[in-house]
Amino acid sequence: MENSKNNKIRKPGYAKLIMQLIQVLPKNYNKVFMSLMMFAIFGFVLSIIASIPPVVYLISSNFQINGEQDILNLLQDPVFSKIMIFLSYFMIFILLVGLYGFVQITLRIVDNKHVTLGYLFQGFRNAKRIFVCALLFVILFVASRYIPVLLSKIGFVKKLLGKFDFIFIIALQLILVSLFFSPLIFSYYIFSDNQNMGVFSAIKESARLMKGRFFHFVGFVVVSGGVSFLVSIILTAVSFFIPENLNMVGQFISFVISILRFIFSVNAAVQISLGIPFYYNDIAGKSSEIPTEIVLDV
């Protein structure tokens, strides 16, 4: 890191970073899009594999599902629920390991370095550090999810909250996620730049870079997503108010909204994925050289 640890890190200017993003995006859009789709396919295949144990359990236990009540009974089954919980967190862990590869691709594009799709699997090649970091992410995620639930069940807290316990749980979960994960946001970028740095040293450096800049960073994520981000949010909100029983015209409109939401969401994801490395490079004191077109080898 070129910034001295004793020097105060300034907040990057949005205009400068967006100009860098605009210059890079047209020539490298397809590369980031392809990497994002490959990562999505990886998640889809992983979900199919993860569905095998529950199906095997259902077949072996001769469990019959004929209605909603049967589904509710299944979810209350202790063995089935434990299988689903374990698989859910295991999937999150594997996806977090895979995410390192996607982060490295976007950072290498911004750094004007050679990139191949093989970098998507870098998290599994650098297993020791990435596995430990991903495991820490999962532990913090579990903690942020269950701590509010446990607190809401305490006698006086439950009595105080009354009918607002659900709002309390959601709000506290969001707060804990922000507190737990904001110091870790740049861990993968730091790993990519420092191949020999330990897990907790990288986390410490990430926390230093993010200190006092969380809301500034969130603002940049929104700005880098641009119009596509705002439109995807609006379309998502609209979709919640679309009734289930619609005529042919209504179904067609709902379908068009779903397609548009997907297109704008993906476009926003590509822009944000390529924008964050610029933000990281700026606060890390790295060169802001504008990269040329990067060839993404298969």
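Just so you know, these numbers come straight off a predicted model, no measurement behind them. Residue numbers run consecutively from 1 along every chain, following the written order of its sequence. pLDDT decides what is reported in this predicted model: residues at 70 or higher carry local features, side-chain atom pairs at 80 or more are listed and counted, and totals for whole chains, interfaces and linings draw on all residues regardless. The side-chain quantities take in all heavy atoms of the structure and omit both hydrogens and water.

A.B. asks: Explain the overall build of the chain residue by residue, including any values.
C.D. replies: Only DSSP runs of H or I with at least four residues qualify as helices, and only runs of E with at least two residues qualify as strands; both kinds are numbered from the N terminus onward. Regarding its fold elements, the chain presents twelve helices and two strands. When the helices and strands of the chain are placed in sequence order, the string is α-α-α-α-β-α-α-α-α-α-α-α-α-β. Buried positions account for 39% of the 298 residues belonging to the chain. Should any heavy atoms of two residues lie within 4.5 Å, those residues are counted as being in contact. In the chain, once contacts between residues fewer than 6 apart in sequence are set aside, the share between residues at least 24 apart is 78%. The buried label goes to any residue with under 20% of its type's maximum accessible area, the exposed label to any with over 50%, and the partly exposed label to all in between, with areas taken from a 1.4 Å probe on protein chains only.

A.B. asks: Lay out the environment of A269 with the relevant residues and their values.
C.D. replies: Here A269 lies in helix α12 (residues 248-283). When the C-alpha positions of A269 and F33 are compared, they lie 8.7 Å apart, and in sequence the two are 236 residues distant.

A.B. asks: Can you lay out the pattern of salt bridges for me, pointing to particular residues and giving the numbers?
C.D. replies: A pair is scored as a salt bridge if a Lys or Arg side-chain nitrogen falls within 4 Å of a carboxyl oxygen belonging to Asp or Glu. For the structure shown, the criterion picks out two salt bridges. The residue K16 makes a salt bridge to D282 at a minimum N-O spacing of 3.0 Å. Of this pair, K16 sits in helix α1 (residues 14-50) while D282 sits in helix α12, and the two are 266 residues apart along the sequence. Note on K16: relative accessible area 38%, which makes it partly exposed. Take D282: its relative accessible area is 12%, and that puts it in the buried class.

A.B. asks: Describe the layout of surface pockets, and please don't skip the residues or the numbers.
C.D. replies: Size it by volume and the largest pocket reaches roughly 900 Å³. Here the lining of the largest pocket is composed, by residue class, of 24 nonpolar, six polar and no charged. Here a cavity denotes a set of grid points, spaced 1 Å apart and computed over the protein atoms alone, in which a 1.4 Å probe fits but from which it cannot get out, and a pocket denotes an open set meeting protein on both sides within 12 Å along at least five of seven lines; residues with an atom within 4 Å of a point are reported as lining. Grid points are joined across faces, edges and corners, and a volume is the space filled by probe spheres set on the points. Residue type decides the class: Asp, Glu, Lys and Arg count as charged, Ala, Val, Leu, Ile, Met, Phe, Trp, Tyr, Cys and Pro as nonpolar, and the leftover types, Gly among them, as polar.

A.B. asks: Lay out the packing of aromatic side chains with the relevant residues and their values.
C.D. replies: Pairing of aromatic side chains here covers Phe, Tyr and the six-membered ring of Trp, requires ring centres within 6.5 Å, and sorts the geometry by plane angle: under 30 degrees stacked, over 60 edge-to-face, intermediate tilted. What the rule picks out here adds up to 21 aromatic pairs. Taking 6.0 Å as the distance between ring centres and 15 degrees as the angle between the ring planes, the aromatic pair formed by F86 and F90 counts as stacked. Of this pair, F86 and F90 both sit in helix α4 (residues 78-110), separated by four residues, roughly a single helical turn. Exposure remark for F86: the relative accessible area of 55% places this residue in the exposed category.

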